[in-house]
Amino acid sequence: MKNVIHVKPQQMINAFLVFFVVHTTQIGVGIHGFQRIIYQESKQDAWFSVLVIGIVSHVIVIVMIKTLEMYDSHDLYGINREVFGTWIGNFINVIYFFYCSVAFFSVLINYIEVIQTWIFPLLSTWFISATLLLLVIYTFLGGLRVIVGVSFFSFMLAFWLIFVLVFPLQYSDPQSLFPILESKFIDILKGAKAMTFTIIGFEILYIIFPFVKDKKNIRKPVHYGLLVTTLMYLAVILVSLTYFSGEQLSKTIWATLSLFSIVQFPFLERFEFLAVCFWMLIILPNLCLYVWAAHRGLTGMINISAKKFIWLFSCIVLLLTFFIKSRIQINSINNIFGQVAFYIVFIYPLFLYVLALVKKKLTS
Amino acid sequence: MIKKLGLVILSLTLLIGGCAEQKLLEKIGLITLAGYDLNEDGKVVTTAVIRQVDQEFQSMVTTSSAVNDSSLGALTEINRKTTKKLMQGQMRITLFGETLATEGIGSFLNTLSKNSSTSSGILLAMTAGNAKELLEYPYKNINDVGQEIYKLIEQNVDAELVTSSTLHEVSQDYYSVGRDMIIPIIERKEEVIEVTGVALFNKDKLVGQLPAKDSFYLLLIRGKFKSGKFETTIPGDIFSSNQSDSSEPVPVVLDTISSTKKLKLTDKNVPEFELQINLNGRILELDAEMDFDNPVEIEKLEKAINQSLTEELKSILDYCQEINSDVFGLGKQYRSQVRNSKLTHESWHAKYPTAKVNIKINFKILRSGVFE
């Protein structure tokens, strides 16, 4: 059992903190503009798509936890090696490593693009990415407990943003939601699939599981985390569907930020500027947890220190941000990543669970 | 030591590289209003009202205009005439000239929505005649014409005398299937600027106008109406105690306190709608002798008010159907009630002129002031 991860008690985290980890990894840059992507598929019934994918994510998490409990202190990388053997297992781990890295990269470039389109059109890409990467390096070197702390604070400090939706609600027209369930069922499912990029993040559970102190109590916080995320997305999509008229929504790239742009205070004319800046708090746990997950995968295969890894990783990411700049490039990365992520996050856990089950039956 | 030095160098590069573009108030001109017209050659004439602040903190308002093919190109053109860099972030209002509105303002709405430096809360209005003339007139009592127009429309929107025409609300209608947009019309009358009417559109083209007093009915049907004053006339012969010439119509000023609106599609083939409006209100002015303690009299009065409201509403509706502008959102109702209608702007506007609306208005008098 060389794949068992031995974690010192002082490096472990409490089960209830997994709530923040799951929730903050899910909420990221996707929420800025997921509305029009689903709307293209399921029109005014887009909120059903959100509901469907929310329920599906709960099911997947049940399967994930079942798989993890079969091997008591393994993460996904270890389980892969146990189930498929070292060679194939490591091959899958490399894919997963790249998945985490691309997730990191995609969050970063999407956020940079938002800053450049909304606030500082002339601000150079390298500057924003360097600033963010330094922040990530700092947090990452603090270890898992610091990263989890960041997600806790990210949740606490940014949760209030959801209440700002009350302002656009004044301009919304519930009529746009009717007729309910006009779209075909298949279109609603397509819309749910298009949500992938926005709702992923809970797969972090696969990696963080061995680090949880009281593993028996992990179910509750994970499901609550998912529930809060789903409810949040549901609120945002419902407000968006009623606030924008159909074609308008499908032309709005960052509908959530446009929702904020109607908000005005006597002391703050343009609320969305504040929101965009605040979003750094929201994406920070995203970035940290993905790079942490990538590192976990790599250390199992080759011997590399955390310090060396994070600097190397950051340099590569920084270099890559020079090449990917235009909306079309970023959009196609999001699309391809969303497609791949669907199989990695929603299909692979089912596959792995069945295989692990079969293997366990055969060996016993 | 080397590590520390490295960190210092790193943070210095970030500090220096991170200076985003500066926007010093003394060095920029704030465009508070932009007006667009179309000239004879089909080019866009842009007039901007610019507020500049100098070092002594005195602000100065100037207007400047340029001719160009595009609205933003004209701004660059205006920039060449000013000493300060022009910024759109404080833009509060956009005006369209009448000829431009007739040609269509869709591309302007698109450009405005695209621009992240302008808020989606900016107000839109149409000028009767040219926007340039209205803005460049040397008003005696108005210092800042941009601020004046903004305050004028904002105040009227707050009092629910005209429909709110923020960029978001107008483009919501523009991009929707089944509701056409309306924006207020402003006009210069000697030395003052006033709201004179409502411009009705079909998609993005101006097709008709209604006088300002009819805004009330539009507000009522579009469903955003909460409370407001309006005036109507009722036939004089309903008052039994009336000594004056009984056939003459009597004006009534009413103030609604609450209202509910229900629009329903009753027959999708015609299409036929049922519009039920319940109003609760009080009488502010009535130029006739009347006994407000007599329930029979009150009922008579309510009936007369209902009748006259219905008639006026009907005539507005007929007018809108005639010019084919669905400002009431009947199409939206149709789309939301008919499954798989696949309604488009064209298919709805083919049905709309022959649509039938049965109007039922129920006005209830709650109070009539402190003196009989």
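These numbers come from a predicted model, not from an experiment.

Rules and cut-offs
Residues numbered from 1 in each chain as written. Chains lettered and ligands numbered in written order. Predicted model: local features only at pLDDT ≥ 70, side-chain atom pairs only at ≥ 80, totals over all residues. Helix = DSSP H or I, 4+ residues; strand = E, 2+ residues; numbered from the N terminus. Expected span 1.5 Å × (residues − 1). Buried ≥ 20, exposed ≤ 12 C-beta atoms within 10 Å, placed from the backbone. Arc of directions from axis to C-beta. Contact = placed C-beta atoms within 7 Å. Axes fitted to C-alpha atoms, helices over the stretch in contact; angles between N-to-C directions. Parallel < 35°, antiparallel > 145°, perpendicular 65-115°, else oblique. Nonpolar A, V, L, I, M, F, W, Y, C, P; charged D, E, K, R; others polar. Pairing = 2+ DSSP bridges. Core = buried A, V, L, I, M, F, W, Y, C linked by C-beta atoms within 7 Å. Domains from an automatic or database assignment. Left-handed = near helix turned anticlockwise from the far one by under 90°. pLDDT = per-residue confidence, 0-100.

Another point: helix H6 (residues 144-158) of chain A. All names here are of chain A. If you check H6, its first and last C-alpha atoms are 21 Å apart, about what 15 residues at 1.5 Å a residue would give, namely 21 Å. Every buried residue belonging to H6 is among Leu144, Ile147, Val148, Val150, Ser151, Ser154 and Phe155, and all of these are buried. Mapping the buried residues of H6 onto a view down its axis gives an arc of 150°, with all of them on the same face. Residues Met156 and Leu157 are exposed on H6 and point more than 90 degrees away from its buried face. Where H6 is buried, its residues meet helix H1 (18-26), helix H5 (125-141) and helix H14 (271-301).

Another aspect to go through is the packing of helix H2 (residues 30-42) of chain A against helix H3 (residues 46-70) of chain A. Residue and element names in this part refer to chain A. In contact at an axis separation of 8 Å, H2 and H3 are set at 105° when each is read in the N-to-C sense. In terms of axis orientation, H2 runs roughly perpendicular to H3. Counting all contacts with H2, which are made through Gln35, Ile38, Tyr39, Glu41 and Ser42, the residues of H3 involved are Ala46, Phe48 and Ser49. Residues that form the contact of H2 with H3 fall into these classes: 4 nonpolar, 3 polar and 1 charged.

Moving on: the interface of chain B and chain A. Facing 21 residues of chain B, the contacting portion of chain A comprises 25 residues. Residue contributions to the side of chain B that touches chain A peak at 4 residues, all from helix H7 (residues 167-174) of chain B. Counted by class, the side of chain B that touches chain A contains 4 nonpolar, 13 polar and 4 charged residues.

So, on to the sheet that holds strand S12 (residues 272-286) of chain B. All names here are of chain B. The sheet built from 4 strands is open, its strands ordered S10-S11-S12-S13 with mixed pairing. Looking at which strands have only one partner, the edges of the open sheet turn out to be strand S10 (228-234) and strand S13 (356-367). Recorded for the sheet is a direction-independent mean angle of 40° between the axes of neighbouring strands. Where S10 lies against strand S11 (residues 250-267), 7 bridges are found, and the strand directions are antiparallel. Within S11, the residue paired with Gly228 across the bridge is Thr256. Seen against the sheet, helix H9 (residues 295-322) touches S10, S11 and S13 and runs at an angle of roughly 145° to S13.

Okay, the environment of Pro271 of chain B next. Residue and element names in this part refer to chain B. Within the fold, Pro271 resides in the loop between S11 and S12. With 61 residues separating them along the chain, Pro271 and Leu210 place their C-alpha atoms 25 Å apart. Residues within four places of Pro271 in sequence aside, it is in contact with Leu265, Tyr334, Lys351 and Ala355.

Ranked by internal contacts, the top residues of the largest apolar core, which has 112 residues, are Phe104, Leu108, Leu205, Leu287, Cys288 and Val291 of chain A. Per-element tally for this core: the top contributor is helix H4 (residues 76-118) of chain A, with 19 residues. The residues touching Leu287 of chain A, leaving out its near neighbours within four places in the chain, are Phe104, Val107, Leu108, Leu132 and Val136 of chain A. Counting 89 residues, the second-largest nonpolar core is a separate cluster that includes Ala34, Val195, Leu275 and Leu279 of chain B.

Many structure descriptions define interface size as the accessible area lost when the parts assemble. All names here are of chain B. Taken as a whole, chain B is organised into domain 1 (24-214) and domain 2 (226-372). Domain 1 and domain 2 are separated by 32 Å when their C-alpha centres are compared. Taken residue by residue, the interface counts 18 residues in domain 1 and 22 residues in domain 2. Among the secondary structure elements, those contributing two or more residues to the side of domain 1 that touches domain 2 are strand S8 (192-202) and strand S9 (205-211). Residues belonging to the side of domain 1 that touches domain 2 are distributed by class as follows: 8 nonpolar, 4 polar and 6 charged.

For the rest of this paragraph, the subject is the packing of H14 of chain A against helix H15 (residues 306-323) of chain A. Residue and element names in this part refer to chain A. Running from N to C, H14 and H15 cross one another at 125°; their axes reach a closest spacing of 11 Å. What the angle tells us is that H14 and H15 run oblique. Crossing of H14 against H15: the hand is right-handed. Two secondary-structure elements touch here, H14 through Val291, His295 and Leu298 and H15 through Ala306, Phe309, Ile310 and Phe313. Grouping the amino acids of the contact of H14 with H15 by side-chain chemistry returns 6 nonpolar, 1 polar and no charged.

Model confidence for chain A is summarised by a mean pLDDT of 91, while 99% of its residues fall at 70 or above. Averaged over each element, pLDDT in chain A is lowest for helix H12 (residues 246-251) of chain A (90) and highest for helix H11 (residues 219-243) of chain A (95).

The subject of this paragraph is the environment of Gln337 of chain B. For Gln337 of chain B, the position within the fold is in helix H10 (residues 330-337). Overall, the presence of 18 C-beta atoms within 10 Å leaves Gln337 of chain B in the partly exposed class. Through-space distance from the C-alpha of Gln337 of chain B to that of Lys268 of chain B is 8.8 Å; in sequence the pair is 69 residues apart. The contacts of Gln337 of chain B, once residues within four sequence positions are left out, are Phe178 and Pro179 of chain A together with Leu265 of chain B.

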